[in-house]
Amino acid sequence: MKTRPIEILLSPQQLADVELQVYQTVMSGISKANEAKVQKTWMKSSDLADYLPISDSTIREHLSDLPFHIIGGTKFYNKKEVDDYLLNK
């Protein structure tokens, strides 16, 4: 069975309302995500990659001397130490 896309016709005002709602929802999500990341003191490698934002491989290759702590076999980065390191490098 072949499917076809659904076409929805909206007035200009309805379209503007939908666009505004989508924009507000996306911006709210981004804001909440950023607040959660900023509040973290300790970050794993994946959190660090999001925080900086650069890839894990770039961190390994170019920031191998970045200060870290191993806790229970897992590498953690302290946000303040990372900030200080990058500001003073």
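Everything numeric in this text was worked out from a predicted model, so none of it was measured. (Residues numbered from 1 in each chain as written. Predicted model: local features only at pLDDT ≥ 70, side-chain atom pairs only at ≥ 80, totals over all residues. Heavy atoms only, no water.)

**Some words on the pattern of salt bridges**
In the structure shown here, the tally under the stated rule is 2 salt bridges. Two residues, D83 and K79, come together in a salt bridge whose shortest N-O distance is 3.2 Å. Remark: K79 and D83 occur in helix α4 (residues 79-88); sequence separation between them is 4 residues, near one turn of the helix. Close ionic contact of D84 with K80 constitutes a salt bridge, the shortest N to O distance being 2.9 Å. Pair noted here: D84 and K80 are both in helix α4, with a separation of 4 residues, about one helical turn. (Salt bridge = Lys/Arg side-chain N within 4 Å of Asp/Glu carboxyl O. Helix = DSSP H or I, 4+ residues; strand = E, 2+ residues; numbered from the N terminus.)

**As for α4**
Along α4, the residues classified as buried are K79, V82 and Y85. Buried residues of α4, seen end-on, are gathered within an arc of 130° and therefore sit on one face of the element. α4 presents K80, L87 and N88 as exposed residues on the side facing more than 90 degrees away from its buried surface. Two or three places before K80, at the opening of α4, N78 has a side-chain oxygen 2.9 Å from that residue's backbone nitrogen. (Buried < 20%, exposed > 50% of the residue type's maximum accessible area, 1.4 Å probe, protein only. Arc of directions from axis to C-beta. Polar contact = N/O pair within 3.5 Å; in protein donor to acceptor, adjacent residues only side chain to side chain.)

**Describing the pairing of strand β3 (residues 74-78)**
Sheet topology places strand β1 (residues 42-43) next to β3; 2 bridges connect them, and they run antiparallel. Across the sheet, M43 pairs through a bridge with Y77, a residue of β3. As defined by bridge partners, strand β2 (residues 69-71) adjoins β3 across 3 bridges and the pair is classed as antiparallel. Counted as the bridge partner of H69 is F76 from β3. (Pairing = 2+ DSSP bridges.)

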